[in-house]
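Secondary and tertiary structure notes
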Amino acid sequence: ACGSPASETPATQAAGTGKLKIALSNSFIGNQWRVEMENVFKAACAMPPYVDQVECSVFNAGNDVSTQSRQISNLISQGVDGIVINAASTSGLNGVVQQACDRGIVVVSFDNTVDAACGLTVNTDQVKFGQQLAQFIVDELNGQGKVIMVTGVAGTGADNDRNKGAMEVFAANPGIEIVATYSGMWDSATAQRATSGQLPSLPKIDGVWVSGGTDGVIKAFSAAKRPMPVVGGEAENGFRKYMAGILTPKVNGMSIGQPPFLSVISLELARGVIKKEHPKESITIPFPVVTSDTLVPGETVFPDLPDSFFADFTDSGPNATVILCQQAATDGTPCPGKTLDVNFGKR
Amino acid sequence: MSTRSEIPPSAAVLAVRAAGVHRAFGGVQALRDASFAARPGEIHALAGENGAGKSTLIKVLCGLISADRGTVEIFGQQVRRVVEPAARRRLGVATAFQELSLLPDLTVAENLLLQDPPRGRLGLVRRGRLVPTADTILRKYGVDYIDSRATTADLSVAHRQIVELVRVLAQEPRVVILDEPTAALPDRQVEWLAGHMRRLRDAGCCVIFTSHRWREIEQLADRVTVFRNGTQVATRDRISEAEAVTLMSGRTLAGTYPDISALPVGETVLRVDELAGGRLRKVSFDLRRGEILGVGGLAGQGQRDLFLTLFGARRAAAGTVSIGGEQVVIRRPKDAIRVGLGIAYVPEDRKAEGLFLPLSIRDNVALATLSRRSAGGFVRRRAERSAVTSISEQLRIGGGRASNQAVGTLSGGNQQKVVMARWLLTDARILLLFDVTRGVDAATKHDIYQLVADLAAQGKAILFHSSETEEIANLCHRVLVLREGRISAELPGPVGDADQIVAASLKEASDA
Amino acid sequence: MRDLIGRLVPTQAGLGYIVLVATAAAYLIVYTSSLGRFPTSFDYLSILNTMLPLVFVAIGQSLVVLTGGIDLSVGGIVSLCVAVTATTVTGTGIAPFGWLIVVLVLGAACGAINGVIVAAGRIAPILATLATLSIFTGLALWVLPVPGGSIPSVVRNVLSNPNVPTGLIWLGVAIGGWLVLRRTRFGMRIYAVGSDETSARAVGVPAGRVKLGVYALSGLCGALASVFYVSTTTAGDANAGAPFILTSIASVVVGGVAFTGGRGSALGAVAGAVALTLVIDVLFFAGIDPLYQSLFQGLFLVVAVLLGTVATLVARRRRAAA
Amino acid sequence: MNAAITPDVRRVLYAYAVAAAVLSLGAVLHPGFASWTSLRAVLVVAAFTGFVAAGQMLVVLVGGIDLSIPWVLNGAAIVLTTTSLGQSSRLPQALALALGVGALAGFANGMGVAWLGVPAVVMTLGMNGVLQGLSLGLSKGLTCASCGSYAPQPLRDLFVGGVAGIPAALLVWIGVALLMTVLLTLTTFGRRVYAVGVNSRAAFLSGVGVRGVTVALYTLSGVFAALAGIMLVGYGGQPSLGLGDPYLFESIAAVVVGGVSILGGRGHYLGVVAGSLTLVAVTTFLQAQRVPEYGRLMIYGLVILVILFAYGRDKAHD
Ligand SMILES: Nc1ncnc2c1ncn2[C@@H]1O[C@H](COP(=O)(O)OP(=O)(O)OP(=O)(O)O)[C@@H](O)[C@H]1O
Ligand SMILES: Nc1ncnc2c1ncn2[C@@H]1O[C@H](COP(=O)(O)OP(=O)(O)OP(=O)(O)O)[C@@H](O)[C@H]1O
Ligand SMILES: O[C@@H]1[C@@H](O)[C@H](O)OC[C@H]1O
Ligand SMILES: [Mg+2]
Ligand SMILES: [Mg+2]
């Protein structure tokens, strides 16, 4: 009774404009990171070369897999050329992603990637993320000290990978004692409350490893008037303000963030693959790392922006994957007079 | 019928026997060492004041609750202490409970056939057969005026009671237990029920029933068992009312109804003009100071709507109400209670409409007059305590129990007094008493009659409705008879003889 | 005359169907005006496959709500059964189907635990299932700490084949199951318990067993939903169940099942679930700003139920007038 | 026999017994857990739960439920920072606006439930969606120009520092507890609340403005959720999206662990204080013991079950 799927698939290129249709399907807007991720995507779409080549659209699914699945199905019906996904569940969209692939749609997932083998992924190495932060703490403490781990949302791949990486490093250093592990839900407020509850019954803490919500953890230490430990955490601007001494007390730390511009790289990958400019290959990018010593105000920390802002909205340096301006991240406006050049050669 | 042939021929075997039964609810000892026995082929009345333990005994007999101690036998067969009613049913016991056990959201047909629906292949219920089957059952018991498709919640109380009774009768039980089956029935249906009870008795069944109307017990019962304080105090073939009252309450009563004819009636307080809404169709009358005005008629003729509309609990569709000569608009009970208007409504169904069972006597009594004893939104507790204490003493509530006692622990009669007390505190000029003696025992009823007369003597204007026409006949200065939402007759009182009112109620019916 | 009016005026129980029809019409309109053609079999099929898990959970939830209860633990049961399905249902031939049965038994058992706590433990359903929600979710995380697992394609082909509407069969089975259940004595008793538990007990309805039954059935429905969830998504996730808590409740109320129990039908809940699934598509094709989507979903919920209330009022007025 | 110990009071005492038991068990198994500093920290965290639970309790008392708490809280937090722009001079207006938003949302809930007859679950669930949509939409996903603002400094100093060494959250909580207790036990309003909760038909027939009381309670619930939102931004400095999510089920759990009947009409806020404390103490203790997330969830659920079995059971059916 059903026609063959191929006959229903509309032409690969949007007929009228000749532009590619690429949609971003995001699971939810529950934190600043997601907001920035969408903003830089929108900004990129309004900048050359995308502004001439691509017709973008953005959808949120409120963290409900079946909603996101419906939206992706509808995108298939709409006949888009590419779909860029941050998934509500790494496994929950396999079915519909497979259907998109079957219809010749290029699917790129990032951050919370999709398992489906046919899709491409753009991500950082989350295990390494955990390892590197842990290694920093170990090094700063000379392998001796008491450490807290503040984890993310249990049951997700990223949380698991980061924890795994950290545990490997800590386990290899017998001088490090983990005195508490609890979830901050990747949320500053939650992390702050949980830490406040824990601190009084904990001994002096030498190091803190945070998967997300870092500034909340530091605020809890500061409110409890506890000596500030070495902190390995995410890229919240608030955390970096402490690292830079803009907020007191100054914190000795390392900050690694999942880059929000993963969405832009995914956009470029989708565009390139559709246009047959790139091979069909997944991409792993390095994550931008800063320490208290390498922070540059206005570039990697922003005194005037909120604590919850993710400060790594752009890559930097000569090998940068992509360079974005601040307003792209804060409100999605295109960076003036700039052609975006996404460069994922350096891996 | 096949079930009946199983009844043992020898009447020596008791149909029901309970011995040494104890049952407590929290701190309340509802049954203490209670015994009871009833034979096949008799109608056995169970009498006693409110809270005497009749309903509790019945629930133990039919297996709805367990006894703390003691034994129960059905036809000589001892039954376990905790048994689901379904098991007793198989023994041939069927019960109509005091608080009806119909399911409000189900239709009449579903209620009648819930336990034994018509089934087809694969044992599945044939939903299409529910209504015809139920109609057949209803007709078999002479009830053709109830639509078996109707949702039970939409029926009048009387009709619900009838459905409940049909549900019991239709089981063709060997033991029929009816807990206050006539409390909500109009006289005509009481006769109907009496016919069925006698038929079952004559067929050798054991019929047990409770009632607070002595006339019914005298007319129907072959034997009477009297309960007091959870214990059986007597079982007799014949017993006079006076003796029964003494047995039940431990005190004797002088003449049942106070003489109201001597009470003076003053100027008009309430004037109702062409009031309509719900079942009411243009009702007009005056109510005067010191007057007890009866509202009678068959059940469901708009009496309830009249009371609720006057109290603002239901919207009037048309008509006007004047109090003290001034036209007033009463949108909500709150308006009615207001000092200027001073209307109070005492409902029939005290559990549903009057009481807050887990709350204290004080909270219950004080509720309608809270703002009169408050300062800046705060309750003036001392004033409240003294007001509640004095009214409680006046009405003899709870036999001196502390006023922070939860109302749920009181007996039915005392609960009714709590509701009365709340309304007396409002100092209302106009009292709407709707079937306030429903399910109240003889002694408390007597207290209430006296109270009503006293209130009238104090100058209150009282609108009085009762499902017992006799009360209306004896307690009212004047009687309005409602028929299909209209006043079909007005009789000067005290009428004295209930039959006159009944005749007036039916008059237009035969004319029409 | 009275009957005729009674039949014509929509009642709260008929609400689900009306809302469904309205939503479906809205879907067709926005779809065609946005894409310039009618929905294709792909659209219908993908709607069918995505909505099946919710349909099952909603059926289970409606049974519980009909008895006057509520089941918050469906979220946990779905998570747990998804985790177990994704980790255990493997192999070829008949073997995976054996495992599926195990999952169904597990779901029913979880539900039965709720039933025992509610019926024998006399704990308010919302609280009992709030506690077990936490427990079942914990178990799910323990079984499947990281999203993953898989499902054999034989199972997929039978349950939610992406190319053939096998889902229709299962939808039919679910609806048929309800129609049969409704015609059992147990089915009648569900309504009896929800209408007035004390009275139901008094006339001999074993209310405890009925409750145990509906919670177990709700658990079973949760397990069925999980199986379909894993089948459409091809893998598992220990957080998969969480969204079903509120969406199943929403389906039930949009479907016209009274929260006080005793009134409504599982079919209404099915209609509600389908309508809620379609609302997502309506918002999509209507081009609503994604940030405002929950605003419209919230309004949809309230307005749908409000319509039901108004319909009931009108019906009652007219009945009273007749 | 003391007549003053009603079943309700007994349940409050049970709630405190449970809180004490959890804390002592914690102290034994985890030295330092019951120290004053630790206790104080638990109290501060529990205060936030206590605020939302206060509102939840009020609606539960009349047999309702408030599922809109998460986004009322979140919305109020966003309103506070976006209207104050971090300036102390604007704090009073911002506070009034944030509380006003909570009151308005609660009022709308109350109107829907009391006047339109929408079931509380539906009305408040819908309201939660509406507020989420409005918060996200109007603030453009919290990226609007003023969305980066902080709570004004005085508010932050208050909540991070405290007054005379006592954390401000605790002081406010004591105030809320006093207010709730006075409101419910000493005022005519409180009497009416319990009457409506026990038997709303009888309350109506006794002249209680049932609808008015209901609307007032939902409005108060909105105000308490907004208050919690204000405290949370004062504490953390900035609002985040999803700030209120953890408080939905937790507020319900705190209410019942505190001995309030979910069927309405019974319970005291002092019990809810103990309930909030118990739940936070359990979570904190399990974290301190480094119990993994799955174990924590299971134990948390079991603890609630045990408490329900101890004193949260309905009356027997005979
Ligand atoms: N479920 C219950 N919980 C608490 N107390 C109860 C319960 N049922 C009955 N009681 C108490 O037990 C006693 C006996 O009550 P029961 O209903 O058996 O009296 P009754 O003789 O049927 O009275 P009435 O004539 O008013 O129906 C009363 O004090 C009553 O308050
Ligand atoms: N055939 C009958 N035999 C005995 N009683 C009857 C009969 N018909 C009616 N009654 C009684 O007379 C009263 C009025 O009857 P009827 O039901 O016709 O009035 P109604 O006002 O239309 O009530 P409803 O709308 O509730 O059916 C009821 O109390 C009913 O019990
Ligand atoms: O990867 C994470 C992303 O999914 C979340 O939304 O924000 C924090 C990031 O670390
Ligand atoms: Mg009785
Ligand atoms: Mg009638």
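Going by an unreviewed UniProt entry, chain D carries the name ABC transporter permease and comes from Acrocarpospora macrocephala. According to the UniProt record, the Subcellular location (unreviewed entry) comment for chain D is "Cell membrane".

Looking at an unreviewed UniProt entry, one finds chain B named ABC transporter and attributed to Acrocarpospora macrocephala.

Bringing the interface of chain D and chain C into the picture now. One frequently used descriptor of interface size is the decrease in accessible area upon assembly of the parts. With 42 residues of chain D in contact, the opposing surface of chain C contributes 39 residues. Both faces considered, chain D and chain C share a buried interface measuring about 3,500 Å² in area, 81% of it formed by carbon and sulfur atoms. Our count for the contact surface shared by chain D and chain C stands at zero salt bridges. The interface formed by chain D and chain C holds four residue pairs in polar contact (both at pLDDT 80 or more) in total. For the side of chain D that touches chain C, the secondary structure elements donating two or more residues are helix H5 (120–138), helix H11 (247–257) and helix H13 (293–311) of chain D. Here the side of chain D that touches chain C takes 13 residues from H5 of chain D, the largest share from any one element. When the residues that make up the side of chain D that touches chain C are grouped by side-chain class, the tally is 27 nonpolar, ten polar and five charged.

All names here are of chain B. Within the structure, ligand 2 sits among Asp 144, Tyr 145, His 159, Pro 186, Arg 188, Gln 189, Arg 279, Ala 299, Gly 300 and Gln 301. One nitrogen or oxygen atom from the side chain of His 159 is found 3.3 Å from an oxygen atom belonging to ligand 2. For ligand 2, whose unbound accessible area comes to 610 Å², protein coverage reaches 63%. Of the residues that constitute the shell around ligand 2, the class distribution is three nonpolar, four polar and three charged. Residues lining the shell around ligand 2 come from more than one domain, with at least three contributed by each of domain 1 (16–249) and domain 2 (268–342 + 428–505).

So, about the site of ligand 1. All names here are of chain B. With respect to spatial proximity, 15 residues lie near ligand 1, and among them Asn 50, Lys 54, Ser 55, Thr 56 and His 212 are the closest. At 2.8 Å, a side-chain N or O of Lys 54 approaches an oxygen atom of ligand 1. One nitrogen or oxygen atom from the main chain of Leu 410 is found 3.3 Å from an oxygen atom belonging to ligand 1. Bound to the protein, ligand 1 loses 77% of the 630 Å² it would expose on its own. Contributing elements (two or more residues each) for the shell around ligand 1: strand E2 (28–38) and helix H2 (54–61).

This brings us to the sheet that holds strand E11 (residues 283–284) of chain A. Residues and elements named next belong to chain A. Pairing is parallel in the open sheet, where six strands are placed in the order E2-E1-E3-E4-E5-E11. The open sheet has two edge strands with one neighbour each: strand E2 (54–60) and E11. Pairing geometry for strand E5 (residues 120–123) and E11, over two bridges, is parallel. Across the sheet, Asn 123 pairs through a bridge with Thr 284, a residue of E11. Strands in contact with helix H11 (residues 262–274) are strand E1 (20–26), E2, strand E3 (82–86), strand E4 (106–110), E5 and E11; relative to E4, the strand with the most contacts, it is inclined by about 160°.

Right, let's talk about the environment of Leu 301 of chain C for a bit. Structurally, Leu 301 of chain C can be placed in helix H14 (residues 293–321). Measuring from C-alpha to C-alpha, the distance between Leu 301 of chain C and Ala 108 of chain C comes to 29 Å, with 193 residues separating the pair along the chain. Leave out the neighbours within four places in its chain, and Leu 301 of chain C touches Ala 250, Val 253 and Val 254 of chain C together with Val 122, Leu 125 and Gly 126 of chain D.

Quick look at a positive patch on the surface now. Taken together, the side chains of Arg 279, Arg 281, Lys 282 and Arg 486 of chain B define a basic patch exposed on the protein surface. Positionally, Arg 279 of chain B belongs in the loop between strand E11 (268–277) and strand E12 (280–288).

The interface is formed by 32 residues belonging to chain D together with 31 residues belonging to chain A. Where chain D touches chain A, the interface holds zero salt bridges. Joining chain D to chain A, the criterion identifies 14 residue pairs in polar contact (both at pLDDT 80 or more). Looking at the side of chain D that touches chain A, the elements that each hand over two or more residues are helix H2 (36–61), helix H10 (210–236), helix H12 (269–288) and H13 of chain D. Counted by class, the side of chain D that touches chain A contains 15 nonpolar, 13 polar and four charged residues.

Residue and element names in this part refer to chain D. Closest axis-to-axis distance for the H2/H10 pair is 7 Å, and the angle between their directions is 165°. As judged from the angle between their axes, H2 and H10 are roughly antiparallel. Note on packing geometry: the crossing formed by H2 with H10 is left-handed. Listed contacts from H10 to Val 44, Phe 48, Phe 51, Val 52, Ala 54, Gly 55, Gln 56, Leu 58 and Val 59 of H2 are Leu 217, Tyr 218, Leu 220, Ser 221, Phe 224, Ala 225, Leu 227, Ala 228, Met 231, Leu 232 and Tyr 235. Grouping the constituent residues of the contact of H2 with H10 by class yields 17 nonpolar, three polar and no charged.

Another point: the sheet that holds strand E20 (residues 461–465) of chain B. All names here are of chain B. Taken in spatial order, the six strands make up an open sheet running E16-E19-E20-E13-E21-E22, and their pairing is mixed. Strand pairing shows two members of the sheet lacking a second neighbour, strand E16 (343–346) and strand E22 (486–492), which therefore form its edges. Strand after strand, the sheet turns through a mean of 20° between neighbouring axes, direction not considered. With five bridges joining them, strand E19 (residues 430–434) and E20 adopt parallel strand pairing. What sits directly across from Leu 431, in E20, is Ile 462. Here helix H16 (residues 442–457) sits on the sheet and contacts strand E13 (292–296), E19 and E20; the angle it forms with E20, its principal contact strand, is near 150°.

A word on the packing of H12 of chain D against H13 of chain D. Residue and element names in this part refer to chain D. Running from N to C, H12 and H13 point in directions that differ by 150°, and their axes come no closer than 10 Å. Here the hand of the crossing between H12 and H13 comes out right-handed. Residue-level inspection shows Thr 278, Leu 279, Val 282, Thr 283, Leu 286 and Gln 287 of H12 in contact with H13, the latter providing Arg 296, Ile 299, Tyr 300, Val 303, Ile 304 and Ile 307. Among the residues making up the contact of H12 with H13, the classes are represented as eight nonpolar, three polar and one charged.

What follows deals with the pairing of strand E10 (residues 231–236) of chain B. All names here are of chain B. Direction of pairing for strand E9 (residues 223–228) relative to E10: antiparallel, over a ladder of five bridges. Within E10, the residue paired with Val 224 across the bridge is Arg 236. Where E9 hands over to E10, the hairpin turn is made up of two residues, of which Asn 229 adopts a positive phi near 50°.

Here the focus is the pattern of salt bridges. As enumerated under the stated definition, the model contains 43 salt bridges over all chains in all. Asp 147 of chain B is the salt-bridge partner of Arg 149 of chain B, the closest N and O atoms lying 3.3 Å from each other. Of the residues examined, Arg 149 of chain B reaches a relative accessible area of 46% and is grouped as partly exposed. Here Arg 215 of chain B and Glu 470 of chain B are joined by a salt bridge, their closest N and O atoms 3.4 Å apart. In this pair, Arg 215 of chain B is assigned in helix H8 (residues 214–220) and Glu 470 of chain B in helix H17 (residues 469–475), connecting sequence segments 255 residues apart. A single salt-bridge network, built from bridges that share partners, covers Asp 215, Lys 219, Lys 241 and Asp 307 of chain A.

What the rule picks out here adds up to 20 aromatic pairs over all chains. Measuring from centroid to centroid gives 5.4 Å for Phe 311 of chain B and Tyr 345 of chain B, while their planes differ by 35°, and the two rings are tilted. You can see Phe 311 of chain B sitting in the loop between helix H10 (303–310) and strand E14 (318–323) and its partner Tyr 345 of chain B sitting in strand E16, a full 34 residues away along the chain. The buried category is assigned to Phe 311 of chain B, whose relative accessible area is 0%. Classification of Tyr 345 of chain B by relative accessible area gives buried; the value is 1%. Considering the side-chain rings of Trp 170 of chain C and Phe 228 of chain C, the 6.1 Å spacing of their centres and the 65° angle between planes classify their relative orientation as edge-to-face. One end of the pair, Trp 170 of chain C, is in helix H8 (residues 166–182); the other, Phe 228 of chain C, is in helix H11 (residues 207–233), with 58 residues separating them in the sequence.

Next up on the list: the coordination of the magnesium ion (ligand 4). Residue and element names in this part refer to chain B. For the magnesium ion (ligand 4), every protein donor is listed as Ser 55 (OG) and Gln 98 (OE1), and the spread of their distances is 1.9 to 2.0 Å. Remark: Gln 98 occurs in the loop between strand E6 (93–96) and helix H4 (108–113) and Ser 55 occurs in helix H2; sequence separation between them is 43 residues. For Ser 55, a relative accessible area of 16% corresponds to the buried category. Of the residues examined, Gln 98 reaches a relative accessible area of 30% and is grouped as partly exposed.

The next subject is a nonpolar patch on the surface. Residue and element names in this part refer to chain D. Residues Leu 158, Val 163, Ile 166, Leu 171, Ile 174 and Leu 178 make up a contiguous nonpolar surface patch of about 480 Å² in total accessible area. In terms of residues, the nonpolar patch owes the most to one element, helix H7 (residues 168–186), which gives three residues. By secondary structure assignment, the location of Ile 174 is in helix H7.

What follows is about the state of the cysteines. Put plainly, a disulfide is one covalent bond tying together the sulfur atoms of two cysteines. Under the criterion given, the structure shown has three disulfides over all chains. Here Cys 45 of chain A pairs with Cys 56 of chain A through a disulfide, and the sulfurs are 2.0 Å apart. Around the S-S axis, the bridge from Cys 45 of chain A to Cys 56 of chain A shows a dihedral of about -85° and counts as left-handed. Separated by eleven residues along the polypeptide, Cys 45 of chain A in helix H2 (residues 32–45) and Cys 56 of chain A in strand E2 bring together distant segments of the chain. The disulfide bridge from Cys 325 of chain A ends at Cys 335 of chain A, spanning 2.1 Å between sulfur atoms. Its S-S torsion of about -95° marks the bond between Cys 325 of chain A and Cys 335 of chain A as left-handed, since a negative value means left-handed. Here Cys 325 of chain A is found in the loop between strand E12 (289–291) and helix H12 (326–331), whereas its partner Cys 335 of chain A is found in the segment after H12, with ten residues between them in sequence. Among the residues examined, Cys 335 of chain A registers a relative accessible area of 5% and is labelled buried. We note that Cys 206 of chain B lacks a disulfide partner, and the nearest cysteine sulfur, in Cys 205 of chain B, lies 8.5 Å from it. Residue class for Cys 206 of chain B comes out buried when judged on its relative accessible area of 0%. Its sulfur unpaired, Cys 221 of chain C is 11 Å from the next cysteine sulfur, which belongs to Cys 81 of chain C.

What counts and how
Residues numbered from 1 in each chain as written. Chains lettered and ligands numbered in written order. Predicted model: local features only at pLDDT ≥ 70, side-chain atom pairs only at ≥ 80, totals over all residues. Heavy atoms only, no water. UniProt positions renumbered as here; feature names shortened; annotations may be inferred. Contact = heavy atoms within 4.5 Å. Buried area = accessible area lost by both parts, 1.4 Å probe. Salt bridge = Lys/Arg side-chain N within 4 Å of Asp/Glu carboxyl O. Polar contact = N/O pair within 3.5 Å; in protein donor to acceptor, adjacent residues only side chain to side chain. Helix = DSSP H or I, 4+ residues; strand = E, 2+ residues; numbered from the N terminus. Nonpolar A, V, L, I, M, F, W, Y, C, P; charged D, E, K, R; others polar. Near = heavy atom within 4 Å. Areas by Shrake-Rupley, 256 points an atom, 1.4 Å probe, with all protein chains shown as cover. Domains from an automatic or database assignment. Pairing = 2+ DSSP bridges. Axes fitted to C-alpha atoms, helices over the stretch in contact; angles between N-to-C directions. Patch = residues over 30% accessible without salt bridge, like charges linked within 9 Å, V, L, I, M, F, W, Y side chains within 5 Å. Lys, Arg positive; Asp, Glu negative; His and termini not counted. Charge placed at Lys NZ, Arg CZ, Asp CG, Glu CD. Parallel < 35°, antiparallel > 145°, perpendicular 65-115°, else oblique. Left-handed = near helix turned anticlockwise from the far one by under 90°. Buried < 20%, exposed > 50% of the residue type's maximum accessible area, 1.4 Å probe, protein only. Phe/Tyr/Trp six-rings, centres within 6.5 Å; stacked < 30°, edge-to-face > 60°. Donors = N, O, S within 2.8 Å, 3.2 Å for Na, K, Ca; no water. Disulfide = S-S within 2.5 Å.

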